[in-house]
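# Tertiary structure, described
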Amino acid sequence: MPDTRWLALLHLKRRLSVDAATLSASDDARMESALRAAQAEIEAATGRRYVPIQSTVSHWALPGQRVLPLRDDLLELVSVTDADGTVYLPEDVTCDAANLALNEPARFDGGAVRVSGLWAYHPAPSLAFRPSGDSLAAPVTSSALTLTVLNAAGADTWGDMPRFTTGHLLRIESELVRVTGVESNTLVVRRGENGTTAASHAAGAGVEVFSPSFTAEALGLRLASWLYREPDAEHGREWPSGIASGIDRLRRLRV
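Because the structure is predicted, anything quoted here is derived from the model rather than measured. (Residues numbered from 1 in each chain as written. Predicted model: local features only at pLDDT ≥ 70, side-chain atom pairs only at ≥ 80, totals over all residues. Heavy atoms only, no water.)

### Overview of the packing of aromatic side chains
For the structure on display, the rule yields three aromatic pairs. Centre to centre, the rings of Trp 6 and Tyr 50 are 4.8 Å apart; their planes meet at 45 degrees, and the pair counts as tilted. In this pair, Trp 6 sits in the segment before helix H1 (9-16) while Tyr 50 sits in the loop between helix H2 (25-46) and strand S1 (53-61), placing the two residues 44 residues apart along the sequence. With a centroid separation of 5.5 Å and an interplanar angle of 55 degrees, the aromatic rings of Phe 129 and Phe 210 are classed as tilted. With Phe 129 in strand S8 (residues 129-135) and Phe 210 in strand S13 (residues 206-210), this pair connects stretches of sequence that are 81 residues apart. One exposure class covers both Phe 129 and Phe 210, and it is buried. Through successive ring pairs, a cluster of aromatic residues spans Trp 6, Tyr 50 and Tyr 121. Directly above the aromatic system of Tyr 228 lies the positively charged group of Arg 30, at a separation of 4.3 Å from the ring centroid. The lysine or arginine in question, Arg 171, covers the ring of Phe 129, its NZ or CZ lying 4.1 Å from the ring centre. (Phe/Tyr/Trp six-rings, centres within 6.5 Å; stacked < 30°, edge-to-face > 60°. Helix = DSSP H or I, 4+ residues; strand = E, 2+ residues; numbered from the N terminus. Buried < 20%, exposed > 50% of the residue type's maximum accessible area, 1.4 Å probe, protein only. Lys NZ or Arg CZ within 6 Å of the ring centre and 35° of its normal.)

Here it is, written out as structure tokens:
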């Protein structure tokens, strides 16, 4: 099952200004529950996903159609396969999150069109994965459950420290991995996350960190903070001021 977390427990603790070392196990559990509830409510209300999942989504095109409205937010295109089997690569297509258009003079044959790629909402797709400033210090096989990097505690390219922490979704080449633990410069990971395939990677391969939409993350953390402090509140009906308007700004119109 894809790991769809995009709200981080570490960020919620920072927002609440709490010392992680003083929290009880029950406090941690309540925070996790608040994060899950906030994420679920925002995704349901906006009709969007906020963490990338690689999949192939079927669409329908009329004969001669060139522009295809997308059924979901496309973060990064891998390929488009027309009903007649013709495969179009990213350089053959002009697309954004909502629409895909074949470059002239190509036209769809008509029928089922399969669009493969990473699907998620992000207002600036080119910034969804940011360089960590680090790379693999040793080769990695497709079955390895740990990765060795050069300096896990260093600052990333945006100055954030540490570079890697539990919960991070990383991209190495075309594979997504989820960090489940950090031990010095060794990352304990789950491989082939969210529809990608575990693969071998050479030493020196760059490591990118997924960075969700700032607007969505800020809204989610605000809602999670409120849910944590008011665990018995009626969710979705008595949201604090600004949550509803924030959701309206993120809402997606389906095609």
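### A closer look at the side chain of Arg 191
With respect to the secondary-structure elements, Arg 191 resides in the loop between strand S12 (186-190) and S13. A distance of 2.8 Å separates a polar atom in the side chain of Arg 191 from the backbone oxygen of Ala 144. Beyond its immediate sequence surroundings of up to four residues, Arg 191 is in contact with Val 140, Thr 141, Ser 142, Ser 143, Ala 144, Leu 145, Glu 175, Leu 176, Val 177, Ala 198, Ala 199 and His 201. (Polar contact = N/O pair within 3.5 Å; in protein donor to acceptor, adjacent residues only side chain to side chain. Contact = heavy atoms within 4.5 Å.)

### Re the confidence of the model for the protein
Averaged over the protein, the pLDDT score is 91; the fraction of residues at 70 or greater is 95%. Within the protein, the lowest mean pLDDT, 86, falls on H1, and the highest, 98, falls on strand S4 (residues 87-88). (pLDDT = per-residue confidence, 0-100.)

### Some remarks on helix H4 (residues 243-250)
Because an α-helix completes one turn every 3.6 residues, residues spaced three or four positions apart along the sequence face the same direction. Looking only at H4, the buried set comprises Ile 243, Gly 246, Ile 247 and Leu 250. For H4, the angular spread of the buried residues around the axis is 100 degrees, confining them to a single face. (Arc of directions from axis to C-beta.)

### A few points about the packing of H2 against helix H3 (residues 214-229)
Running from amino to carboxyl end, H2 crosses H3 at an angle of 130 degrees, the nearest separation of the two axes being 8 Å. With respect to each other, H2 and H3 are oriented oblique. Seen from above, H2 lies across H3 with right-handed handedness. Counting all contacts with H2, which are made through Asp 27, Arg 30, Met 31, Ala 34, Leu 35, Ala 37, Ala 38, Glu 41 and Ile 42, the residues of H3 involved are Leu 219, Gly 220, Leu 221, Leu 223, Ala 224, Leu 227, Tyr 228 and Arg 229. Residue classes in the contact of H2 with H3 are distributed as twelve nonpolar, one polar and four charged. (Axes fitted to C-alpha atoms, helices over the stretch in contact; angles between N-to-C directions. Parallel < 35°, antiparallel > 145°, perpendicular 65-115°, else oblique. Left-handed = near helix turned anticlockwise from the far one by under 90°. Nonpolar A, V, L, I, M, F, W, Y, C, P; charged D, E, K, R; others polar.)

### What about the sheet that holds strand S5 (residues 93-95)?
The strand order across the open sheet built from three strands is S2-S6-S5, with neighbouring strands paired in antiparallel fashion. A strand with exactly one partner marks an edge of an open sheet, and here the two such strands are strand S2 (67-69) and S5. Adjacent strand axes in the sheet meet at a mean angle of 20 degrees when their direction is disregarded. (Pairing = 2+ DSSP bridges.)

### Quick notes on the nonpolar core
With 33 residues, the main nonpolar core has Trp 6, Leu 12, Met 31, Leu 35, Tyr 50, Phe 129 and Leu 223 as its most contacted residues. Of all the secondary structure elements, the ones that give two or more residues to this core are H1, H2, H3 and H4. At eight residues, the largest contribution of residues to this core is made by H3. Excluding anything up to four places from it in sequence, Leu 12 contacts Met 31, Leu 35, Leu 221, Ala 224 and Ser 225. (Core = buried A, V, L, I, M, F, W, Y, C linked by side-chain atoms within 4.5 Å.)

### A look at the packing of H1 against H3
Between H1 and H3, whose axes approach to 10 Å, the crossing angle comes to 65 degrees. Regarding the angle of H1 to H3, the classification is roughly perpendicular. By crossing handedness, the relation of H1 to H3 is classed as right-handed. Between H1, through His 11, Leu 12, Arg 15 and Leu 16, and H3, the contact on the second element is made entirely by Glu 217, Leu 221, Arg 222, Ala 224, Ser 225, Tyr 228 and Arg 229. Looking at the contact of H1 with H3 residue by residue, the class counts come to five nonpolar, two polar and four charged.

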